[in-house]
Amino acid sequence: MDFGDDQECSDAQRKKKRYHRHTPMQIQMLEAMFKECPHPDEKQRMHLSRELGLEPRQIKFWFQNRRTQMKPPVAAAADDSYFDEQKLRMENARLKEELDRVSGLTSKYLGRPITQLPLIQHLAASSLDLSVGALGNPTIAPSLDLDLLTGSGSVAVPHFPTAVPEIEKPIMVEMATNAMEEVIRLAQTDEHLWVRNGGDRGEVMCIETYDRMFQKPDDRYRDPDIRIEASRDSGLVLMNATALVDVFMDAGKWLEFLSAIISKARTLEVLATGMVGRSGSLLLMYEELHVLSPVVPTREFHFLRYCRQIDQGLWAIADVSLDLNRENQFNSPLRSRRLPSGCLIQDMPNGYSKVTWVEHMEIEEKVSTHLLYRELINSGAAFGAQRWLTTLQRTCERFAGLMATTSRELGGVIPSPEGKRSMMKLSQRMVNNFCASLSSSQIQRWTMLSGLSDVGVRVTVHRSSDPGQPSGVVLSAATSLWLPMSCERVFSFFRDENMRPQWDVLSSGNPVQEVARISNGSDPGNCISLLRGLNSSQSSMLILQESCTDASGSLVVYAPIDIPAINIVMSGEDPSNIALLPPGSPFFLTILVSSLPSSKLNVESVATVNNLISTTVQQIKAALNCCPSG
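About the criteria used
Residues numbered from 1 in each chain as written. Predicted model: local features only at pLDDT ≥ 70, side-chain atom pairs only at ≥ 80, totals over all residues. Heavy atoms only, no water. UniProt positions renumbered as here; feature names shortened; annotations may be inferred. Helix = DSSP H or I, 4+ residues; strand = E, 2+ residues; numbered from the N terminus. Buried < 20%, exposed > 50% of the residue type's maximum accessible area, 1.4 Å probe, protein only. Contact = heavy atoms within 4.5 Å. Phe/Tyr/Trp six-rings, centres within 6.5 Å; stacked < 30°, edge-to-face > 60°. Axes fitted to C-alpha atoms, helices over the stretch in contact; angles between N-to-C directions. Parallel < 35°, antiparallel > 145°, perpendicular 65-115°, else oblique. Left-handed = near helix turned anticlockwise from the far one by under 90°. Nonpolar A, V, L, I, M, F, W, Y, C, P; charged D, E, K, R; others polar. Core = buried A, V, L, I, M, F, W, Y, C linked by side-chain atoms within 4.5 Å. Salt bridge = Lys/Arg side-chain N within 4 Å of Asp/Glu carboxyl O. Pairing = 2+ DSSP bridges. Patch = residues over 30% accessible without salt bridge, like charges linked within 9 Å, V, L, I, M, F, W, Y side chains within 5 Å. Areas by Shrake-Rupley, 256 points an atom, 1.4 Å probe, with all protein chains shown as cover.

As annotated in an unreviewed UniProt entry, the protein is Homeobox-leucine zipper protein ROC8-like from Ananas comosus var. bracteatus. UniProt, in its Subcellular location (unreviewed entry) section for the protein, records the words "Nucleus".

Structure below.
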């Protein structure tokens, strides 16, 4: 055999082996970066190297090859062949990952709890390329090419095999069964395991007692950098047990009811359908949790959700994180793993259910939480059982109002129950859009503009293409502010239409009148309002506003809407196709920059948004008699 041929074969094998270290997610992230910047500089290549777990030289060669492939093709067939090749490479990489994953199943899943590896971080497909001047004034390139921006309509979920191999399903069933038994025990056990958290803030777990009750091999080697968040709370929810179970087991409803906590949710696979009423159902799910601020990192989970009816009128839902067992995981601001968590749902008279919620997580943060949110996060309250339960109580009250044939406080403007329901559906869409817009997900990058408030003004931009929203480019700005007064007082201030001219710069100081109101629950602060500015120049526009409050916090969200659209809503027609302009709140402002796909984002748009939100902060402080430093 010729030695030269041997050497060439060996070189080819090394190249092939080296290429296969590019996982599908690495290829996806590299492609996303290539769309944004085909010629990354050394700093950008070093950043990609750290993010993707590749050598800088590999990054450099990948971009060189990709640029070569993107040279003008002789025919369209060249493009097709390239993408076909990419698909085959990604499929080969996925098959290799699946083989590696299956080979370690027994040791990974049985005999000890699941240890979740770092979650996949998405590279944002766009940065605003803004810089901050010496005095905190924003500077921006003359324009940004909007072709580089990602769409906001799609739900980006980390890659997962399209189907769970049959060999894994029995192991997952065993995991879910063990988690169910633990959740039931955690929910029903009182002695020495749970300690009151003060007032009406639920209970926190005594970790030492838990470790004695549930002895697991890994507990002896728990990383000292890992923080445990474990809490329990219980209360009555205005929904019967069967309907409530359906909310938990339907990803769309799960997101709809809890959008203030969940920014994304998806059922990846139905592993077992169960019997009548969903008992025995087992789902593989993905969700992303958030606090409504761009400075607090989201938490991502791939988990099993198991439902079981354990007695007449008594149901249990159990969740447990699933280790994807992936190589070359990407860096993330934190790692999060959900230990057996869930709830017991007991049917009660008059359409209520008693819900006992248990939330148990392990968190390893790689960066310190912003000071303004540190106590909320480190105390476990941000994602604790009380926040989940109180949010569910409020949204179930809202749903009951939506389904009711009679209503309160309709006034003379909304003529029928159908009109009320249509208005409530439109407002729910507005609130859901608002919550999704404030996510700090890795695919939605926020850029600091100025340091006027406690966390500064941050902006992000995306192209809107969702049904029911105006198509175009949306620029959003957000800030957070600490105020030396109670949450109740601040909430009352913002929801009072008589106070609006004092802080809303878009009202230009003109008075605002509430022309209709729909009650949303037992708390008078939970309502939908239709506001009219007493200004002839804006006579064709109204403001749709929803305010809501519970023990975990409060929201005031609003959006402009024109009179023809509101007339359609009041007639009781389906509001799904009504184009609702981007929603806002006192500390979150959005504007539709342009409806043209080819538009450029210019410095004037960014400066306008920055000026509006900065002025709003100043006016809020003045109206509440706060000192300039907040």
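Asker: Which residues make up the overall build of the protein, and what are the values?
Answerer: In terms of regular secondary structure, the protein is built from 17 helices and 22 strands. Across the 630 residues of the protein, 51% fall into the buried class. For the protein, contacts bridging at least 24 residues in sequence account for 68% of all contacts bridging at least 6.

Asker: Describe the packing of aromatic side chains, listing the residues and the values that go with them.
Answerer: This structure, assessed with the given rule, holds 16 aromatic pairs. Between the aromatic rings of W254 and W388, the centroid separation amounts to 5.6 Å while the plane-to-plane angle is 15°, which identifies the pairing as stacked. Remark: W388 occurs in helix 12 (residues 385-403) and W254 occurs in helix 10 (residues 251-257); sequence separation between them is 134 residues. Like W254, the residue W388 is buried in the burial classification. Through successive ring pairs, a cluster of aromatic residues spans F493, F494, W503, Y558 and F587.

Asker: Explain the packing of helix 3 (residues 42-52) against helix 4 (residues 56-69) residue by residue, including any values.
Answerer: Two numbers describe how helix 3 lies on helix 4: the axes approach to 8 Å, and their chain directions differ by 110°. As summarised for this structure, helix 3 and helix 4 are arranged roughly perpendicular, according to the angle between their axes. Judged by the twist between their axes, the crossing of helix 3 over helix 4 is right-handed. Facing R45, M46, L48, S49 and L52 of helix 3, the residues of helix 4 in contact are P56, I59, K60 and F63. Counted by class, the contact of helix 3 with helix 4 contains 6 nonpolar, 1 polar and 2 charged residues.

Asker: Lay out the nonpolar core with the relevant residues and their values.
Answerer: Of all hydrophobic cores here, the largest spans 41 residues; its most connected members are L244, F248, I345 and W357. Looking at which element gives the most residues to this core, the answer is helix 9 (residues 241-249), with 6 residues. Once residues lying within four places of it in the same chain are set aside, the contact partners of L244 are V237, M239, I345, S353, V355, L392 and C396. Counting residues in hydrophobic clusters, the runner-up holds 30 residues, among them L402, I518, L530 and V569.

Asker: Help me get a handle on the pattern of salt bridges, residues and values and all.
Answerer: If you walk through the whole model with that rule in mind, you get 21 salt bridges. For the salt bridge of E181 with R308, the shortest nitrogen-to-oxygen distance reads 3.1 Å. Taken together, the residues span a long stretch of sequence, with E181 in helix 7 (residues 169-188) and R308 in strand 9 (residues 299-311) at a distance of 127 residues. Classification of E181 as partly exposed rests on a relative accessible area of 42%. In this structure R308 comes out as partly exposed when scored by relative accessible area, which is 22%. Taken together, the salt bridges that share partners define one network made up of E166, K169 and E269.

Asker: Explain the pairing of strand 13 (residues 353-365) to me, using residue names and the numbers behind them.
Answerer: Burial runs high along strand 13: 11 of the 13 residues are buried. The pairing of strand 6 (residues 227-237) with strand 13 spans 11 bridges and is antiparallel. Within the sheet, the bridge partner assigned to L236 lies in strand 13 and is K354. Relative to strand 13, strand 12 (residues 341-347) is paired through 6 bridges, and the arrangement is antiparallel. Residue G342 lies in a different strand from strand 13, and its bridge partner there is V358. Here strand 12 hands over to strand 13 after 5 residues, with N350 in that stretch at a positive phi of 60°.

Asker: Which residues make up the sheet that holds strand 17 (residues 512-519), and what are the values?
Answerer: Taken in spatial order, the 4 strands line up as 17-18-19-20 in an open sheet, and their pairing is antiparallel. Unpaired on one side and paired on the other, strand 17 and strand 20 (553-562) mark the two borders of the sheet. The sheet shows a mean angle of 20° between the axes of neighbouring strands, taken without regard to direction. Across 10 bridges, the pairing between strand 19 (residues 541-550) and strand 20 is antiparallel. Paired with S547 across the strands is V556, a residue of strand 20. Most of the contacts of helix 12 go to strand 19, to which it runs at about 135°, and overall it touches strand 18 (527-533) and strand 19. Seen against the sheet, helix 14 (residues 487-495) touches strand 17, strand 18, strand 19 and strand 20 and runs at an angle of roughly 10° to strand 20.

Asker: Residue-level account of unusual backbone geometry, with values.
Answerer: Even without being glycine, N350 reaches a positive phi, approximately 60°. Relative to the elements of secondary structure, N350 occurs in the loop between strand 12 and strand 13. If you check the backbone angles, N625 has positive phi at about 60° while not being a glycine. Along the chain, N625 falls in the segment after helix 17 (603-623). For N625, a relative accessible area of 67% gives the class exposed.

Asker: Which residues make up the side chain of S353, and what values go with them?
Answerer: With respect to the secondary-structure elements, S353 resides in strand 13. In this structure S353 touches G235, L236, V237, M239, N240, A241, L244, I345, Q346, D347 and M348, once residues within four positions along its chain are discounted.

Asker: Let's hear about the environment of V270: which residues, and what values?
Answerer: Counting through the fold element by element, V270 comes out in strand 7 (residues 262-272). Beyond its immediate sequence surroundings of up to four residues, V270 is in contact with L282 and L283.

Asker: Which residues make up a nonpolar patch on the surface, and what values go with them?
Answerer: Among the surface-exposed residues, L236, M348 and Y352 lie close enough to one another that they form a single nonpolar patch of about 250 Å² accessible area. Inspection of the secondary structure assignment puts Y352 in the loop between strand 12 and strand 13. Of the residues examined, Y352 reaches a relative accessible area of 32% and is grouped as partly exposed.

Asker: Go over the environment of H290 with me, naming the residues and quoting the values.
Answerer: Here H290 lies in the loop between strand 8 (282-289) and strand 9. When the C-alpha positions of H290 and A436 are compared, they lie 9.2 Å apart, and in sequence the two are 146 residues distant. The residues touching H290, leaving out its near neighbours within four places in the chain, are S259, A260, I261, I262, S263, T298, F383, R387, C435 and S439.

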